[in-house]
Structures are given as C-alpha cells and as structure tokens.
Amino acid sequence: MIRALCLLVVTLLSHTPALAERIDVMIGYLRVPRPVTAISLVEAPSRNDGLAGAQLAIDDNNTTGRFLDHHYSVEDVRLRDDADPAAVAAAVTALADKGVKFVVADLPAPILLAAADAAQSRGILLFNAGAPDENLREQDCRANVIHTAPSRAMLADALGQYLVWKTWRQWFLVIGSHEADRLWADALRRAAQRFGAKIVGEKVFEDTGGARRTDSGLAQIQRQIPVFTQGFPAHDVLVAADESDVFAPYLPFRTWSARPVAGSAGLVPASWHGSHDQWGAIQLQNRFAGKFGRRMSARDMQAWSAVRIIGEGATRTRTGDPAKIREFVRSPTFSLAAFKGQRLTLRDWNQQLRQPILLADGRVVVSVSPQEGFLHAASELDTLGYDRPETKCSLK
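Predicted model, so just to flag it, every value in this text is computed and none were measured. Note that residues are indexed from 1 along each chain, following the sequence as it is written. Only residues with pLDDT of 70 or above have their local features reported here, since the model is predicted, and side-chain atom pairs are shown and tallied only from 80 upward, although totals for entire chains, interfaces and linings are computed over all residues. To obtain the side-chain values, all non-hydrogen atoms of the structure were included, while hydrogens and water were left out.

Participant: Got a minute to help me understand the sheet that holds strand β2 (residues 70-78) in this structure?
Facilitator: Either a parallel or an antiparallel arrangement is found when strands of a sheet pair, and the pairing is made through backbone hydrogen bonds. With parallel pairing, the five strands of this open sheet are ordered in space as β2-β1-β3-β4-β5. On the outer flanks of this sheet lie β2 and β5 (145-147), each paired with one strand and no other. Geometrically, the sheet is characterised by an average inter-axis angle of 25 degrees between neighbouring strands, direction not taken into account. A pair of strands is considered paired only if DSSP assigns at least 2 bridges between the two. Strands are runs of DSSP state E lasting at least 2 residues, helices are runs of H or I lasting at least 4, and numbering of each runs from the N terminus. In this sheet, β2 lies alongside strand β1 (residues 23-31) in parallel orientation, the contact comprising nine bridges. Axis definition: a line fitted to C-alpha atoms, limited for helices to the stretch in contact. Angles are taken between N-to-C directions and run from 0 to 180 degrees.

Participant: What is the right way to look at the pairing of strand β7 (residues 198-205) in this model?
Facilitator: Within a regular strand, the side chains alternate between the two sheet faces. Where strand β6 (residues 170-176) lies against β7, seven bridges are found, and the strand directions are parallel. Looking at the pairing, Trp 171 lines up with Ile 199 of β7.

Participant: Explain the confidence of the model for the protein chain here, please?
Facilitator: Detailed reading of the predicted coordinates is not advisable wherever pLDDT is low. Across the chain, each position has a pLDDT score giving the predictor's confidence in that residue, from 0 to 100. Across the protein chain, the average pLDDT comes to 92, with 92% of residues at 70 or higher. Low pLDDT, under 50, characterises residues 1-18; the stretch is placed with six contacts to residues that sit more than four places away or in other chains. Any two residues whose heavy atoms approach within 4.5 Å are treated as being in contact.

Participant: What am I meant to see in the nonpolar core here?
Facilitator: As a rule of thumb, soluble globular proteins bury nonpolar side chains together. Ranked by internal contacts, the top residues of the largest apolar core, which has 40 residues, are Ile 27, Phe 102, Val 104, Phe 127, Leu 284, Trp 304 and Val 329. Mapped onto this core, the elements with two or more residues apiece are β1, α2 (51-68), β3 (102-106), β4 (125-128), α8 (281-292), α9 (298-317) and α10 (322-329). Here Trp 304 is in contact with Gly 53, Ala 54, Leu 56, Ala 57, Asp 60, Leu 284, Met 296, Ala 337, Ala 338 and Phe 339, once residues within four sequence places are set aside. Residues grouped as a nonpolar core are buried Ala, Val, Leu, Ile, Met, Phe, Trp, Tyr and Cys residues, joined through side-chain atoms within 4.5 Å. Between buried and exposed lies partly exposed: a residue is buried under 20% and exposed over 50% of the maximum accessible area for its type, with that area taken using a 1.4 Å probe on protein chains only.

Participant: Explanation requested: the state of the cysteines in the structure shown.
Facilitator: Criterion for a disulfide: a pair of cysteine sulfur atoms within 2.5 Å. A complete count under the given rule lists one disulfide for this structure. Between the sulfur of Cys 141 and that of Cys 393 lies a disulfide, 2.1 Å long from S to S. The sign of the S-S torsion, about 100 degrees, decides the handedness of the disulfide formed by Cys 141 and Cys 393: right-handed. Taken together, the residues span a long stretch of sequence, with Cys 141 in the loop between β4 and β5 and Cys 393 in the segment after β12 (365-369) at a distance of 252 residues. Comparing Cys 141 with Cys 393 shows no difference in burial state: the two are buried.

Participant: What should I look at first to understand the environment of Ser 121 in this one?
Facilitator: The residue Ser 121 is located in the loop between α4 (109-120) and β4 in this model. By relative accessible area, Ser 121 is classed as exposed at 64%. With 36 residues separating them along the chain, Ser 121 and Pro 85 place their C-alpha atoms 14 Å apart. Any pair of nitrogen or oxygen atoms within 3.5 Å is treated as a polar contact; in protein, a donor-acceptor pairing is required on top of that, and neighbouring residues in sequence qualify only through side-chain atoms on both sides. In terms of polar contacts, Ser 121 uses its side chain to reach the backbone carbonyl oxygen of Ala 118, at 3.2 Å.

Participant: Would you mind showing me how to read the environment of Leu 358 here?
Facilitator: Relative to the helices and strands, Leu 358 resides in strand β11 (residues 357-360). Sequence separation between Leu 358 and Thr 63 is 295 residues, and the spatial gap between their C-alpha atoms is 28 Å. The contact partners of Leu 358, leaving out residues within four places of it in the chain, are Val 268, Pro 269, Ala 270, Ser 271, Trp 272, His 273, His 276, Lys 340, Val 365, Ser 367 and Val 368.

Participant: Just to check I follow, could you spell out unusual backbone geometry for this structure?
Facilitator: Negative phi is the rule for most residues except glycine; trans is the rule for most peptide bonds. A cis amide bond links Ser 369 to the next residue, Pro 370, at an omega of 15 degrees. A positive phi angle is found at Asp 69, which is not glycine, with a value near 60 degrees. Tracing the backbone through its elements, the reader meets Asp 69 in the loop between α2 and β2. Even without glycine at this site, Phe 339 takes up a positive phi of about 60 degrees. With respect to the helices, strands and loops of the structure, Phe 339 is situated in the loop between α10 and β11.

Participant: Looking at this structure, how should I read the packing of α9 against α10?
Facilitator: Between two packed helices, the angle of one axis relative to the other and the distance separating the axes together describe the packing. Where α9 meets α10, the axes come as close as 9 Å, and the angle between the chain directions of the two elements is 100 degrees. Our classification of the angle between α9 and α10 gives roughly perpendicular. Here α9 contributes Ile 309, Ile 310, Glu 312, Gly 313, Ala 314, Arg 316 and Thr 317 to the contact with α10, which in turn contributes Lys 324, Ile 325, Phe 328 and Val 329. Residue type decides the class: Asp, Glu, Lys and Arg count as charged, Ala, Val, Leu, Ile, Met, Phe, Trp, Tyr, Cys and Pro as nonpolar, and the leftover types, Gly among them, as polar. Class assignment of the residues belonging to the contact of α9 with α10 gives a composition of six nonpolar, two polar and three charged. For classification, angles of less than 35 degrees are called roughly parallel, those exceeding 145 degrees roughly antiparallel, those between 65 and 115 degrees roughly perpendicular, and all remaining angles oblique.

Participant: I tried to follow the sheet that holds β11 on my own but got confused; where do I start?
Facilitator: Ordered by their spatial adjacency, three strands build an open sheet running β10-β11-β12, and the pairing between neighbours is antiparallel. A strand with exactly one partner marks an edge of an open sheet, and here the two such strands are β10 (268-270) and β12. In this sheet, neighbouring strand axes are inclined to one another by 25 degrees on average, regardless of whether the strands run parallel or antiparallel. The pairing of β10 with β11 spans three bridges and is classified as antiparallel. The partner of Val 268 across the bridge, within β11, is Ala 360.

Participant: Mind showing me how you'd approach the environment of Phe 339 here?
Facilitator: The class of Phe 339 is buried, set by a relative accessible area of 18%. When the C-alpha positions of Phe 339 and Gly 280 are compared, they lie 5.8 Å apart, and in sequence the two are 59 residues distant. Once residues lying within four places of it in the same chain are set aside, the contact partners of Phe 339 are Trp 272, His 276, Gln 278, Trp 279, Gly 280, Ala 281, Gln 283, Leu 284 and Trp 304.

Participant: Help me out: how do you make sense of the packing of aromatic side chains in this one?
Facilitator: How two aromatic rings sit relative to each other is given by the distance of their centres and the angle of their planes. Classification of ring pairs rests on two measures: the distance between centres of Phe, Tyr or Trp rings, Trp counted by its six-membered ring, which must be within 6.5 Å, and the angle between planes, read as stacked under 30 degrees, edge-to-face over 60 and tilted in between. Counted according to the given criterion, the structure contains nine aromatic pairs. Between the aromatic rings of Phe 195 and Phe 374, the centroid separation amounts to 5.3 Å while the plane-to-plane angle is 85 degrees, which identifies the pairing as edge-to-face. Residue Phe 195 is located in helix α6 (residues 179-195), and its partner Phe 374 is located in the segment after β12; the two are separated by 179 residues in the primary sequence. Residue Phe 195 is classed as buried on the basis of its relative accessible area, which comes to 13%. On the basis of relative accessible area, Phe 374 is assigned to the buried category, the value being 16%. For the ring pair Phe 228 and Phe 232, a centre distance of 6.3 Å and an interplane angle of 75 degrees mean the geometry is edge-to-face.

Right, here's the structure in full:
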C-alpha cells in the first residue's frame, strides 16, 4: 500500500509543470536613436518608445512563467543610427555570447538586414518591431525574421478600405520629399488601385528645412497651407504621405477646400492607439500607464507582441529553442490574443503577423480594418497587405 502511494506521488510530481526543467529566455532589444521631436508636442515619441512595450510583455511572460519555471529578461542595446554592418554584427555577437537567442529589433531596414544576417549564423530569431518596409517581407525576406510591425501596404490597405467604404473614392495625394514618404505614397497608390479608388492628382511638399516653431509660425502656416492646396482638382479626401513628419499635421482645417485629411494626419492607420479600449484593451492600457506614466504607442504594441510571441512559443513548446519556437509560430496552432477583436496569426509565406489595423483621429479610434464586405478565402486579415499569390518572398 505504501509502495503504491509512493509510486502515485512520484507519477503526479513528474507531471507537475513547476518541476519541469528551468528555462531562461534572454531577449535582446536592439535599437538606434530616434528623433524625440515632432510637429505636435503631444505626439513626440518617448525615449523608451517600443522598449516599454517589451518590458511590459516581460512582466506578462514571467507571470505565466512562474508556474513553468520559465524566466524571461530583456537587455536594451543601442546602436548608432549610422552603424555599419561590422558594428551591427559585433552587437549581435555580443548578445549571442551572453546566451541571447531572441532579438526584438527596432531598426531601419538596412541595419535590420545586417542584424538578421549576423543573427542567422548564431541561431538567433529576430523580430522586426519597427520597420514597415515592404522589401523586408518580399525580395529581402529572411527565414530568421518575424515581423510584428505592419507593413506600409497593410496600413495603406486598412485606410483604403475605410475610405472606399465611406465612398470617398476620389483622392488627392500630397507626398513628402524624403524616401520614406515616397515609399508610403507607393503603398497608398497600390491601395487605391486595389480597392477601386482614384488618385485624381499628386503634389510634392518639399522639405526646405528651417525652424519648426517660431513666434510667427502659426500665421505663416495659416497662409502657406491654403495656397499650397489651392487649385487641386475635385476630390473627396486629401491623403498625405509624410512619414518624416514635416507637413501633414498642418493640413487639417487649413486646406483651401473643406475636405477630410487622411494618411499621415487626420485619420491615421496604426497597429495601436492610446485611446483604444475595446476587447479588453483597457486593462492593458491601464497596466502600461501605471508602469510607465504614459499611453501605449503603436511601437510599444509591436514590441509587446514580439515578446509575447516568444513567451507563447516557449510555453507551448516547453523549450527556449528558437528553431522550435519558430516552427510552432508558423504552424496553424499558433495564435496571439492582442486585444484587437480577433486572435493574431502568422503568414507562413513571409512571416508577417496578421493583425487588424486601427484608424484613429488622434483622440479616438474611428474604425478598425479589415472593413465589412472585404472578403478573403482564408482570412479577412489577408486583405491587408501582400497576399500569398502576390508575394516575392523566398525564405532563406
């Protein structure tokens, strides 16, 4: 009898998660300095923008991890914004030597590619939490990179669906003079063509430099913007492509014709917004605000999602092996609850996280895309961005 009881206890204990092998998941957060100024003082990014989201997700992972003897930590590593491939490789190598197998990257596309190539030889799985560039998901895709940041095409399609749903099909496109602005404009043109809108005209806003704020600034803007937008052909909405934050916030209420503004100002598509409070998001928002004293940004959410994917993968696979976690995340059984109305999954052809896109006006969330009526055979989320038949990605 005593022997039988002992065998029963041993059997029960052998299936207790708390006695599983301890797993330490070390995550690197790799970033470059970003401007902390913006046209709007209330929209200037915080110095821990993105990193704070990763840190909150570490807390969430460790809450579950206590029951499984899993422990998560994050190390912040900053690169110079002009870092060359050798410097990037050195930073990745230093993380690998410390036992880091996962890196959340908030990097421009060229630096991210250098980091991904350096990480591949060390068996590191990298998460792109910042760069929207299409080439990272298409011709320059990497097997060891998972994208939690939405692409420009996803953002443009989310906006385009709503504008078409509103029957605002005539767009006038104003484009900034920087490369990122031109790429954003390309995505908006594609969205217009894809959903049956028409771009009736385009105009470039040249960045001539100079002070953003002067005592006479408002008076100058009040005169400049109406003149700049005078003479545009008839249009339903003015769409701005201004990733560089040079002019778009000045457009609403100052255009020659009384028209709504969308794109980089007015109605803006993003993965997250500080006003979002549906589907349980209010508890995430409150926890974030309580910890950091500010509202959660889109970049915070993208980093949070990356770290939560790692946690979900480690929990489900009971391992810290990045290869096994990547295999699980790419499988049909993976999903992530992210307070956006439906669970997020991964596109196996280019490792982009499927996700709804919020459309916000700066104070509230106006709508969420995909919009009603935009159907897809596999997932309505695949109406946002490049679909499987369109992809140029060959994971390697």
